[in-house]
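# Fold and contact review
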Amino acid sequence: MIGQTISHYRILERIGAGGMGVVYKAEDLELGRPVAIKLLPPELAEDEAAKERFQHEARTASALDHANICTIYEAGETDDGRLFLAMAYYRGRTLKQRIAAGPIPLGEAIDILAQVARGLERAHAAGVFHRDIKPANVIITEHGEAKILDFGLAKLAEGAQRTRSGTTVGTPAYMSPEQVQGDDVDGRTDLWSLGVVAYEMLAGRPPFRGANESAIIYSILHEEPDSLAEQRPDVPPPLREVVTRALVKDPEERIESARAFLRRLRPLLGDTPTEAIEVSPSEHPTRTAPHRAEPAVKRRIPWAVTLVAAVAVAAVLLLVWRRQEESPPAAVPPATPAAEAADVVTVFPFTFRGNPDYAYLGDGLVDLLSTKLDGAGDIRASDPHAVLSRVERDAARSGGLEAFERIAESFSATYFVTGEILEAGGRLHISASLYQPGARRPATTHTVEGPAEDVFQLVDELAAELLAEQIQAPSVRVFSTAAMTTESLPALRSYLKAESELRRGEFTKALESYQKTVALDPEFALAWYRLSVAAEWSTQNMLVGPAVAKALEHADRLSAHDRDLLEARLANRAGDPERAEQIYRSILGRHPEDVEAWIQMGEILSHYGFMTGRSLTASREAFERVIHLEPSFVGGWWHLARVAAVENRPEEVDRIVRRILEMNPEGERALELEVLRAVVLEDEAELASLIEELRRVEDHVVLTAAWSLEMTQVDPAAAIRVAEVLTEPRRSDEARAIGHEVLAWLELCRGRLRAAFEHLDAAGEISIARRLESETLVRLRPWVPTDEAELRGLRARLEAWDASAVPPSTNPSNFFSQHNGLHPLLRTYLLELVEARLTAETGAVGAPQAERQRTATLLRDAARDLDADLAGKLAGFLPHSVELYRAYLAGD
């Protein structure tokens, strides 16, 4: 096989073999990356049914996108009919090889167990069971990451063997009692196997042994393993208990889930338990008593000038020119009183049985039915994200009616809906029951049945029946669920995947999934809206405007509630965050548990508080509400980490960052948060190590880390150390220019004018645009000494600059690309500011009124087109500046 090409993969070398085939290292000729190719046994391709099973299992496995599960790129056939899988290639060794190399330290063993359990948790949540967990099917990469291999192949082998009841599929030493007896299996079988793996890692040998397979199976069914305490005395009792509970022969008495397995491991990992940092929106330590820092943490002196204030130049200058007294900060608009709703309905996840391809509908119906019911007459549906999060947090999926009733009451629900979905032969049988809290019997139950591709019509019919017989609303107007969402089942599946990724903080992945969604259904308005949100979270704001425009184009397919969210987003993009805040408060008056409205409210209070004199700490309540409703939303947690940093609460920063890293250790913003934590805790050794790591990552990651330090006003010297990484020779010219520009502002914040201008000079050697735009703003600071000659020289250079010739940035991050195509407008804006300053300084007559009015129109258009988003960038504050400038023109 060496040297041959399969599909677009060239085989390089053989790297292993097992019962399910031979594995080769190969080169992906299209993407230039190494991959692992697994050639399956020839007998698996002997009939079409086997090939069909292979494709199905491969699709299922490829959908398990998780850091601890091997990524599958492609499933196909070779020219001679062999089935193959193309998978991610990982440098490292299998856990089997690691065990053979000698005793595994406790910390390493516990970490590996936790990683495998996390992978199983994700798979089990999708209704997928491995059935052959063993050391040979876990690879430990050179970075210490555990990856589960061969998902789905055990089931494929079972199908290929056409087993009868009692025939076993798997590796005997790691099989559960129910598996060796040929009984039906579920996720508890994987947990048994994980218990066997844990025992072997700790003791150096499997717990069940024998001279042959029959002897091993007898031991599994009838014998107890030797005491782990005797085999390895240093194993702590809690870990022994986890292994013992995993190896209970009766699955009903075994550890019930991978999540429970992880929960038992958590104290051994040194992580802070979730309960210890759960935040309630109604209580917070700083609300009742002032925070007192530990003696080991010195008190910081707040920056006299932050980077945010530094770039809001026009507001300062115009107020100075007009000699007006500064008006008091605008009050926070009061929340709109909650409207009296006749009925609140909480829809819970439906249980699912059948083809795993449709398992996503179990949670998906929460979204679909809620969308259907919300706004029908006076009915309001509880926020689907909050419901799913609460069910997950309270482990209520299997908790029965009482658990659902308890959650429904917490949402002040008048009714709640439970149900089940049965898929058979491509047809769906959906049954839903409507309950009132406190009632033991459903108020009504309805069942619909039809082809899976007609799921939207089925949901329409189901909701209409529930509404018609029980919820009496004379003005009920039932819109089509499909029209409010999508008529494409693949688009819905992609949308739900994107939603999950966004909540986990995997913003770039979510953005890609939303892009796939709208490619499948270009009229999916809600997906366009959510794409704009994901683009903003991933700092790719060049995509925000087009996505919002598309959502607006198809707004007739949005519910009234989602149209309100879109209206608020449009107001914010138009440079009116105060109007957006009012809309969000109105939404929350009607829907107090709406997660999206709380998130966007928090975003406004976090990033636009400077317009009304509020600190980003004003966003705390909003993000506390977010994580109270949806604790798994990573974005809410890291906003609270910033708030804690601003309020000088280092211990809380540490707890929150630990929580975030526990939820998503490979998240896109993990490094940024680790840097923030190291600075807040004044951990010099950790900061030095993280700066070394920053030297190996992409430009925008470094810039985000520096920006986070600036936003929280933690330590300007530390922010400078981070930003200096951008100016190192290995960086691109664009990154180095931005790095010097950022450093100039940071030095200005420290009152070091000479150092600031030195960095501007360095930026100017690479990019005249970076130099001129920032230098103008610096020189126009009221506290920066600038004489008339310097102002005239600056005006001459701006007039001579061909701003239209500035090449656009190809970096998708908004830190780099936000001014693409806008430099001519910025040049006009800066020239007017210089002219106004000269007029104020010299008493000279400025530009004709007609010219000023023309400029004001240009600036108004610029305000509409520019994104008001990032501290340290003129675009983030231009809309407000334009309003003040226009007032200046009018002589107000």
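Residues numbered from 1 in each chain as written. Predicted model: local features only at pLDDT ≥ 70, side-chain atom pairs only at ≥ 80, totals over all residues. Heavy atoms only, no water.

Take the overall build of the protein chain next. Scanning the protein chain from terminus to terminus reveals 40 helices and 15 strands. Here the analysis covers contacts within the protein chain between residues at least 6 apart in sequence; of these, 64% occur between residues at least 24 apart. For the protein chain, the exposed area adds up to about 37,200 Å²; of that, 49% sits on carbon and sulfur atoms. (Helix = DSSP H or I, 4+ residues; strand = E, 2+ residues; numbered from the N terminus. Contact = heavy atoms within 4.5 Å. Areas by Shrake-Rupley, 256 points an atom, 1.4 Å probe, with all protein chains shown as cover.)

Now for the side chain of Glu 593. Examined against the element boundaries, Glu 593 turns out to sit in the loop between helix H24 (577-590) and helix H25 (595-607). A relative accessible area of 6% means that Glu 593 is categorised as buried. Here Arg 380 takes part through its side chain, which lies 2.9 Å from a polar atom of the side chain of Glu 593. Once residues lying within four places of it in the same chain are set aside, the contact partners of Glu 593 are Arg 380, Ala 381, Ser 382, Asp 383, Ala 386, Phe 411 and Leu 629. (Buried < 20%, exposed > 50% of the residue type's maximum accessible area, 1.4 Å probe, protein only. Polar contact = N/O pair within 3.5 Å; in protein donor to acceptor, adjacent residues only side chain to side chain.)

Ordered in space as E1-E2-E3-E4-E6-E5, the 6 strands form an open sheet in which the pairing is antiparallel. Two strands close off the open sheet at either side, each with one partner strand: strand E1 (5-6) and strand E5 (72-77). As paired elements, strand E3 (residues 21-28) and strand E4 (residues 33-39) share 7 bridges and run antiparallel to each other. In the strand pairing of E4, Glu 27 is matched with Pro 34. (Pairing = 2+ DSSP bridges.)

What the rule picks out here adds up to 45 salt bridges. With its nearest N and O atoms 3.3 Å apart, the salt bridge here joins Glu 252 to Arg 188. With Glu 252 in the loop between helix H9 (237-246) and helix H10 (258-269) and Arg 188 in helix H6 (residues 187-203), this residue pair connects regions lying 64 residues apart in the sequence. Given the relative accessible area of 19%, Arg 188 is considered buried. Shared partners join several salt bridges into a network, and the residues in it are Asp 761, Arg 771, Glu 775, Arg 779, Glu 790 and Arg 797. (Salt bridge = Lys/Arg side-chain N within 4 Å of Asp/Glu carboxyl O.)

Our focus in this paragraph is the packing of helix H14 (residues 361-373) against helix H19 (residues 489-503). Contact geometry of H14 with H19 gives a least axis separation of 11 Å together with a crossing angle of 90°. Taken together, the axes of H14 and H19 are roughly perpendicular relative to one another. Mapping the contact onto sequence places Leu 361, Gly 364, Asp 367 and Leu 368 in H14 and Leu 492, Tyr 495 and Leu 496 in H19. When grouped by side-chain class, the residues that make up the contact of H14 with H19 number 5 nonpolar, 1 polar and 1 charged. (Axes fitted to C-alpha atoms, helices over the stretch in contact; angles between N-to-C directions. Parallel < 35°, antiparallel > 145°, perpendicular 65-115°, else oblique. Nonpolar A, V, L, I, M, F, W, Y, C, P; charged D, E, K, R; others polar.)

The 3 strands are arranged E7-E8-E9 in an open sheet whose pairing can be described as antiparallel. Since the sheet does not close on itself, it has two edges, and those belong to strand E7 (92-94) and strand E9 (146-148), each with one partner. This sheet shows a mean twist of 25° between the axes of neighbouring strands, independent of strand direction. Pairing of strand E8 (residues 138-141) with E9 involves 3 bridges; the strand directions are antiparallel. Residue pairing for E9: Ile 140 is matched across the bridge by Ala 146. Across the sheet, helix H3 (residues 106-125) lies against E8 and E9, angled at about 35° from E9, the strand it touches most.

Tracing the chain through its elements places Asp 250 in the loop between H9 and H10. Note: C-alpha distance between Asp 250 and Glu 178 (72 residues apart in sequence) is 8.3 Å. Of the polar contacts made by the side chain of Asp 250, one reaches the backbone nitrogen of Glu 252; its length is 3.0 Å.

Turning to the packing of helix H29 (residues 670-680) against helix H30 (residues 684-694), a few remarks are in order. For the pair H29 and H30, interaxial distance at closest approach is 9 Å and the crossing angle is 155°. Relative to H30, the element H29 is oriented roughly antiparallel. Relative to H30, H29 is oriented so that their crossing is left-handed. Residues Leu 671, Glu 674, Val 675, Ala 678 and Val 679 of H29 form the contact with H30, whose participating residues are Glu 686, Leu 687, Leu 690, Glu 693 and Leu 694. (Left-handed = near helix turned anticlockwise from the far one by under 90°.)

With that settled, consider the confidence of the model for the protein chain. Of all residues in the protein chain, 80% attain a pLDDT of 70 or more, and the chain-wide mean is 78. Predicted confidence is poor over residues 159-169, with pLDDT under 50, and the contacts of this stretch with residues over four places away or in other chains come to 22 contacts. Taken as a whole, residues 858-892 scores under 50 in pLDDT and shows 94 contacts with residues more than four places along the chain or in a different chain. (pLDDT = per-residue confidence, 0-100.)

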